[in-house]
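# Topology and contacts: notes
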Amino acid sequence: MQNNEIKKIIIAGGGTAGWLAAALFSTHIPKERLEVILIESEEIGTIGVGESTIPPFLGLIRNLGINEQDFIQKCHASFKLGIKFDDWYKNGESYFHPFGQIGSNIGNTDFYNAWLFATQNGLDTPLQDFAPASVMARENRFMLPNRAQGSPITNAAFALHLDAKLVAKYLRNHAQTRGVKRVEGMIERVETHENGFVKSLITKRGEILDADFFVDCTGFRALLIGKTLDVDYISWADELLCDRAIAVQTENIGEPDAFTTSAAQDFGWRWQIPLQSRSGNGYVFASKFISDDEAIATLLSQIKGKPITDPMVVPFQSGMRKEIWAKNVLSLGLASGFIEPLESTAIHLVYRTLDFFFRYFPDKNCDEALARDFNRRIADDYIEIKDFIIAHYCLTMREDTEFWRWCKNQKIPQSLSEKIEVFKKSAALRETGPEELFRAPSWYSIFEGMGVRPARYNFLAAALDAKELIPFLNKISPELNDFVKTLPTLKQFIEKNCKA
Amino acid sequence: MAEIKNIIIVGGGTAGFMTAASLLNSYAKANIKITLVESSKIGTIGVGEATIPTIRAFYNELGISDAEIIARTGASAKLGIQFNGWKNKDSSFIHPFGGFGHDFNNVGFWHYLNAYSPEILDGGLDNLALGAALAKAGKFALPDPLKETTPIYARFDWALHIDAGLFAKTLKEYSLARGLNYIDAKIENIEINQDNGFIKSIILEDGKSIEADLFIDCSGFEALLIGKALGNEFESYDKYLLTNAAWAMPSKKIENPIALTKVTAHSAGWQWQIPLNHRTGNGHVFARDFMNDDEALKILEENLPTQKLDDARLIKFTPGRRKSWDKNCIAIGLSSGFLEPLESTAIALIQNGIERIKMFFPFNGIDEKIIHEHNRIAQKEFERVRDFIILHYKLNQRGDSEFWRYVAQMDIPDTLSEKIELYKKRGHFVRYSWEIFHHISWLAMYSGFGILPQNHEPLVENMGRENFKNALSHINSDVQNIVSRAPSHAQFINHCNNIAG
C-alpha cells in the first residue's frame, strides 16, 4: 500500500499512560507493520496515584485481550460499584453515585422521571434504593452482573480499584511480549524538522531515536507537546480551586469497601480506595488555604489503617492542552491535561484519547483537518468531565469555610449552568455531545445527592398512573434489597474468584 | 406564571393531528384541555407521504399497530430510497434504513472495502445491506429482533409510504375518541396580550374568542401565530438549496411495487415516486430560477409511471426555518420550517418537535431558559438535516445542465465541508449532536456518488485481503439466501390488509 504510512512510533515516558499506549498500539497493529519504542527512565518516578477507575476500564482490558481474572489478581485489584460522597452537600450527609442503571424504564418514561412522579405523589423510597450498584455497595456485597442475568442486579455495572504501579508493570509485560521495545534513558534534547514536526529524541547517553510519530507521556513536564511544540496549556484554576494532593498508602482494616470514598474536607476532599492488599488515600486541596504540612496532618488524622508509605506531595494544575494532538505528537495523561480524580477519570481519558486516535489514525503527514476534528472531540470530553466535577462543588450548601463559600458562589461555566437550570425547570438533561461519558443516571445521582430536584416531573411521565406505579415501586425495591442480601460479601467474592 | 391548563392547536393536517393525538395520549391522566381549530375550507399540503422508520414508533406508542396503519392509510412498506441519475445520468443507488456489511476488529467495513474491494465501495453497496437487497428484488421481510449476534448487514429497519390525508384522518378519529375539543372554523384574528406580548386568544370567523395558555402553531406555510402574530422572521436557506417549487400529481397504482421511494434527478431538480396501495404519489421538485413552471410540468407528465389520476398542483416554497418556540407559542411542521422531501424527513421532524414539547413542557409556566434550550436543539437538528440534503446536490457529477454544474461548485456550510473533507481524506465520519442521519446514511451517499477515501486505513491489514474476501463472499451469499426465501412486498401488504380486516 502507500509508503506514507506511519511505521515507527516512539512513546516518551512510562507510567500508566505510556504503557497503556504501548499495550494498545502493539495489540492493534502487529509489530511487522508498526515498530513501537517506549523510552523511560528509572530516575524519573511516576505519579501512579490514578487507582480508581470507571466501568469502561473493563472494556479496555477485554480490548487488549487480557484475562480479567489474571489482571485482577496480579494488580491486587478490588471491585468498585461507585463512589460514596460524604459531607459534600451538607456536613453529615452522604450520597452515592452508582455505576450502571437506576431502575428501568416504566413504559416510555425513563425511570428517574417515573420515580419523581411517584415521589411527588407520595412515594418515599429514595432514588438510590432502585440502583442495584448502590444497594450492593451499601450492603458491601458483590456479584458480576452478567453472572446474574435476569436478576434485579442485571443492570448494575462495576469498575476496579487497582495498584497503578502493578498495572504499569502488567501492561509493560503485555506490550513487551507483543514486540514493544523498551529503552532505558533520559531524554536530553528533542530535534525537529523544518516544518516543526518532531524528528528525534536524543538521550543523555547520546542515542538518537527517530520516528514518524511521537506520543508524549512525560507527565506534567510535557516535553514534546509543551516544551518542544509550544502548545498552550489552558488553565482552569479559576474554576477548580484545588491544586495539590497528598497521597499515602495504608494497611487494610476489616473488609474492603466495594466503592471509592470521597469525603469532603474543610479545604478540599479526601479519597479512600481499597485494594486487595492495601488502601490508597489522599487529600486533594487548595494550597491557597492550607499548607502541605496541615494537609498531611489532616489526612493522617483521618486514615483508618497504619500508613505504609511516606506522604507524597503532588502539585497539579487543572486544565488541558489547547491541542491534544499537534503535528506528529499525541499527548496523553498528565502531559495532555489534568482534572482532579473526583470521578476517577484519569485512566479513562488516556484510553478514550487512544481509542479515538485509532479511529483517526493518520499517515506521516498528520493531516490538520483530521487533528482538528480529533481535538474538537477530545476537548468535548474534557469539558464534559470538568462540568461534571464542578457540579459536585458548586451545588454545595456548605458555608463553613472560605473554601466552600468560594465553591458555593463560584462562577459556573455556561454549559453547566444551563444544564442545571434546564434540569430544575423541566427534568430534562441537556446533552454535552454525541458520545457522552457521564450518562443520565450519573447526573441524576449527583443532582439528587446535591439537593437539585426538578420543580415537577417531565411531561413524559404524565401518562403514568400513581395508583399502579407506587405499589409497583414499593414491590421492586424490597425485591432488589432481598436479592442483594443473598449475594456474597465483596471479600468472599474476591477470595473465591480472584484472590491476589 | 400560571400552570398550563389549556392548549390550542391551530391547524389540522398531519402536524396538527399528530400533535393532538400524541398529547392526548400522554396527557390522558393530566388535567389539560386540548382544542384543535381548523377550517375544512382550507386545504392541507399533505405531501409528506414517504416516511422514515421513526413513524412506526410514533403510532405504536399511541397503541396503533403497523397492520392497522397500513390498512387504514393505503400504505406500502419502505426499505429505503432509490436515487436515480444523481451521481450521473445513468447511476442508481439505494439509501437503505440499515447498515452495510460487517465491521471487523472494531474497524469500519467501508475501510476494508476501500482497501480490498474499492469497486464495491464505488456505488455497489446495495447487495451488502439486507434491506436494500430485499427491496431491489421486490421482496419484503420483517427484520429480526435486534440481537447482538445479528450481523450488521442484516440489521435494518423499515418505514411506510402513506396517504397523508388518510393518516391525518386516522389520527383525528383517535383524538376525537380521546376527548379532543374540535372546532371547525376559520381564524379571523389573533389577540396579543399587550403586557407581555403573549398570545391571548384567537378570534374565529363568527366573532367568538377562545383563550389558551399555550398555542401550537400547525398552520403550515402561513405560520399564522409564530410568524404573522408574533413576528418571527424566516431564515431562508436559498443560498444552499435552490429548489423552490414542486408540481404534485397522483397517478394510478403500480402493480407489485418495490418497497422503495424513488427519487429521480431531472435537469433542474428531481422527481419523487411513492407507491401506495390505491394510487401513486408523484411530484417534480425544481428550481424556478433554472426552469419555468410549464417545462417542469411537462417533465413530470412525461415521466409518470402510470396513467394520471388528477391535475397537477403547484406548491411554491422557500427552504429555511424560523424560531420554533416564542413566548407561549410552539411551531410544529411547516410553520417552523421547510426542507424539500428528498429524505422524507417532514413527518420525522414533526415527531421530534412533539417529543420536544413533551421534554420541555412548561408545566409551571413559561420560562425563557427552557425556550432557549428547546430552540437550540430544534435549530441544530434542522441544520443537520439541511446539511445532509445539501450533500445530495454538492456531490453530483452530472455536469449536463446549468443547475447541476452550479450546485456542484456552490459554497456549503462549514459543518458540512468539514465532514466531506474528512471522509475524502481518511474515511472518517464527523459526528455532531442531534443528527437524525447517522454515519451509515452518509456512507450510502458517499458510496452512491462514488466518493472514496483517498487513504487506506492501516488497521485493515490486521485482517488481510484474503480473510476479508472470504468474509465478503459469505456476507453476499447469506444476503442472497435470505432474499431468495423472503415473500414479495405485495404479499406482505396483502397480509397486513387481511389481518387488519
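Bear in mind the structure is a predicted one, so any value in this text is a computation, not a measurement. (Residues numbered from 1 in each chain as written. Chains lettered and ligands numbered in written order. Predicted model: local features only at pLDDT ≥ 70, side-chain atom pairs only at ≥ 80, totals over all residues.)

A few words now on the overall build of chain A. When helices and strands are tallied, chain A shows 15 helices and 21 strands. The C-alpha radius of gyration computed for chain A amounts to 23 Å, which stays within 12% of the reference 23 Å derived for 500 residues, consistent with globular compactness. C-alpha atoms of chain A, sized along the principal axes, occupy 75 × 50 × 45 Å. The buried share among the 500 residues of chain A stands at 51%. Nonlocal contacts in chain A, meaning residues at least 24 apart in sequence, comprise 77% of its contacts between residues at least 6 apart. (Helix = DSSP H or I, 4+ residues; strand = E, 2+ residues; numbered from the N terminus. Rg over C-alpha atoms; globule rule 2.2 N^0.38 Å. Buried ≥ 20, exposed ≤ 12 C-beta atoms within 10 Å, placed from the backbone. Contact = placed C-beta atoms within 7 Å.)

We now examine the overall build of chain B. Check the secondary structure of chain B and you find 16 helices and 21 strands. Radius of gyration (C-alpha) of chain B: 23 Å, near the 23 Å computed for a compact globule of 501 residues. Its C-alpha atoms give chain B principal-axis dimensions of about 75 × 50 × 50 Å. Across the 501 residues of chain B, 51% fall into the buried class. Sequence-distant contacts in chain B: of pairs separated by 6 or more residues, those separated by 24 or more amount to 78%.

The next thing to look at is the sheet that holds strand 21 (residues 337–338) of chain A. All names here are of chain A. Strand order across the open sheet formed by 3 strands is 12-18-21, with antiparallel pairing between neighbours. Two strands close off the open sheet at either side, each with one partner strand: strand 12 (233–235) and strand 21. As judged from the 2 bridges shared by strand 18 (residues 319–321) and strand 21, these two strands associate in the antiparallel manner. Bridging from a neighbouring strand, methionine 320 pairs with glycine 337 of strand 21. (Pairing = 2+ DSSP bridges.)

Residues and elements named next belong to chain A. Split into domains, chain A comes out as domain 1 (8–51 + 163–235 + 318–366) and domain 2 (82–155 + 244–315 + 392–500). Relative to domain 2, the C-alpha centre of domain 1 lies at a distance of 32 Å. Facing the 8 residues of domain 1 at the interface are 12 residues of domain 2. Partitioning the side of domain 1 that touches domain 2 into residue classes produces 4 nonpolar, 1 polar and 3 charged. (Domains from an automatic or database assignment. Nonpolar A, V, L, I, M, F, W, Y, C, P; charged D, E, K, R; others polar.)

What follows is about the interface of chain A and chain B. With 34 residues of chain A at the interface, the matching set in chain B holds 34 residues. Elements with a minimum of two residues in the side of chain A that touches chain B: helix 9 (346–360), helix 10 (368–394) and helix 12 (414–426) of chain A. When residues of the side of chain A that touches chain B are assigned to their parent elements, the largest contribution, 5 residues, is made by helix 12 of chain A. Residues belonging to the side of chain A that touches chain B are distributed by class as follows: 16 nonpolar, 6 polar and 12 charged.

Bringing the environment of Lys380(B) into the picture now. Residues and elements named next belong to chain B. Position of lysine 380 relative to the elements: it lies in helix 11 (residues 368–394). Sequence-wise, lysine 380 and tryptophan 270 are 110 residues apart; in three dimensions their C-alpha atoms are separated by 26 Å. Leave out the neighbours within four places in its chain, and lysine 380 touches Ser433 and Trp434.

Moving on: the packing of helix 1 (residues 13–26) of chain B against helix 10 (residues 346–359) of chain B. All names here are of chain B. Axis separation between helix 1 and helix 10 bottoms out at 10 Å; the angle between their running directions is 35°. The two elements helix 1 and helix 10 cross, and the hand of that crossing is right-handed. Taken together, the residues of helix 10 that come into contact with helix 1 (itself represented by Thr14, Ala15, Met18, Thr19, Ser22 and Ser26) are Ile347, Ile350, Gln351, Ile354 and Lys358. Classifying every residue of the contact of helix 1 with helix 10 by side-chain character gives 5 nonpolar, 5 polar and 1 charged. (Axes fitted to C-alpha atoms, helices over the stretch in contact; angles between N-to-C directions. Left-handed = near helix turned anticlockwise from the far one by under 90°.)

The biggest cluster of nonpolar side chains holds 314 residues, and the ones touching the most others in it are Ala12(A), Ala21(A) and Val10(B). Considering every element that reaches this core, the biggest residue donor is helix 10 of chain A, with 11 residues. Those residues within four positions of Val10(B) in sequence are excluded, and the remaining contacts are Val37(B), Ile187(B), Ile202(B), Phe215(B), Ile216(B), Asp217(B), Cys218(B), Ser219(B), Leu224(B) and Leu225(B). (Core = buried A, V, L, I, M, F, W, Y, C linked by C-beta atoms within 7 Å.)

A few words on the pairing of strand 2 (residues 35–40) of chain A. Residues and elements named next belong to chain A. With 5 bridges connecting them, strand 1 (residues 8–12) and strand 2 associate as parallel partners. Looking at strand 2, one finds that isoleucine 9 is bridged to valine 36. With helix 1 (residues 15–28) bridging strand 1 and the parallel strand 2, this β-α-β connection has right-handed handedness. When strand 2 meets strand 7 (residues 181–184), the two strands line up parallel, connected through 4 bridges. By the bridge assignment, isoleucine 39 is partnered in strand 7 with valine 183. (Right-handed = clockwise from strand over helix to strand, strands pointing away.)

All names here are of chain B. Along helix 2 (residues 54–61), the positions that sit buried rather than exposed are Ile55, Phe58 and Tyr59. One side of helix 2 carries all its buried residues, which in axial view fall inside an arc of 80°. Residues of helix 2 that are exposed and point more than 90 degrees away from the buried face comprise Ala57 and Asn60. Residues of helix 2 that are buried make contact with helix 3 (66–73), strand 6 (159–161) and helix 10. Directly beyond the C-terminal end of helix 2, a positive phi value near 90° is found at glycine 63. (Arc of directions from axis to C-beta.)

To continue, consider the confidence of the model for chain B. Note: predicted coordinates in regions of low pLDDT should not be interpreted at a detailed level. Confidence in the prediction of chain B, expressed as mean pLDDT, is 94, and 98% of residues score 70 or more. Across the interface, the model reports ipTM at 0.77; the global pTM reads 0.87. (pLDDT = per-residue confidence, 0-100.)

Residue and element names in this part refer to chain B. Strand direction decides the pairing type here: strand 8 (residues 187–192) and strand 9 (residues 199–204), joined by 5 bridges, are antiparallel. Bridging across to strand 9, isoleucine 187 finds its partner in leucine 204. Connecting strand 8 to the next strand, strand 9, in antiparallel fashion are 6 residues, including glycine 197 with a positive phi near 75°.

What follows deals with the sheet that holds strand 15 (residues 269–275) of chain B. Residues and elements named next belong to chain B. Taken in spatial order, the 7 strands make up an open sheet running 5-4-14-15-16-13-17, and their pairing is mixed. The open sheet has two edge strands, strand 5 (92–96) and strand 17 (313–316), and neither has a second partner. Neighbour-to-neighbour, the strand axes of the sheet open up by a mean angle of 20°, direction not taken into account. Note that strand 13 (residues 245–251) and strand 16 (residues 280–286) share 7 bridges and pair antiparallel. Within strand 16, the residue paired with tryptophan 247 across the bridge is histidine 284. Sitting on the sheet, helix 9 (residues 293–302) touches strand 13, strand 14 (261–266), strand 15, strand 16 and strand 17, and the angle it makes with strand 16 is about 145°. Sheet strands touched by helix 14 (residues 439–448): strand 4 (80–84) and strand 5. Its angle to strand 5, the strand with the most contacts, is close to 175°.

This next bit is on helix 4 (residues 109–116) of chain B. For helix 4 of chain B, the buried fraction is high: 8 of the 8 residues fall into the buried class. All buried positions along helix 4 of chain B are accounted for by Phe109(B), Trp110(B), His111(B), Tyr112(B), Leu113(B), Asn114(B), Ala115(B) and Tyr116(B).

The next thing to look at is unusual backbone geometry. Residue and element names in this part refer to chain A. The phi dihedral of alanine 222 is positive, around 45°, even though this residue is not glycine. Assignment of secondary structure puts alanine 222 in the loop between strand 11 (213–216) and helix 7 (223–228). Assessed through the 24 C-beta atoms surrounding it within 10 Å, alanine 222 is described here as buried. At serine 344, a position not held by glycine, the phi torsion is positive, near 55°. By the secondary structure assignment, serine 344 is in the loop between strand 21 and helix 9.

Residue and element names in this part refer to chain A. Running from N to C, helix 5 (residues 132–139) and helix 14 (residues 466–485) cross one another at 45°; their axes reach a closest spacing of 10 Å. In terms of orientation, helix 5 and helix 14 fall into the oblique class. The interaxial crossing formed by helix 5 with helix 14 has right-handed handedness. Of the residues in helix 14, those in contact with Pro132, Val135, Met136 and Glu139 of helix 5 are Leu480, Asn481, Val484 and Lys485. Along the lines of polarity and charge, the residues of the contact of helix 5 with helix 14 split into 5 nonpolar, 1 polar and 2 charged. (Parallel < 35°, antiparallel > 145°, perpendicular 65-115°, else oblique.)

All names here are of chain B. Inspection of the secondary structure assignment puts isoleucine 254 in the loop between strand 13 and strand 14. C-alpha separation for the pair isoleucine 254 and asparagine 193, spaced 61 residues apart in sequence, amounts to 53 Å. Among residues more than four places away in sequence, those in contact with isoleucine 254 are Pro275, Thr280, Pro305 and Thr306.

Residues and elements named next belong to chain A. Positionally, isoleucine 324 belongs in the loop between strand 18 and strand 19 (325–326). Here the alpha-carbon distance between isoleucine 324 and alanine 371, two residues 47 residues apart in the chain, equals 8.8 Å. Every residue in contact with isoleucine 324, bar those within four places of it in the chain, is listed here: Ser331, Ser336, Thr353, Asn375 and Ile378.

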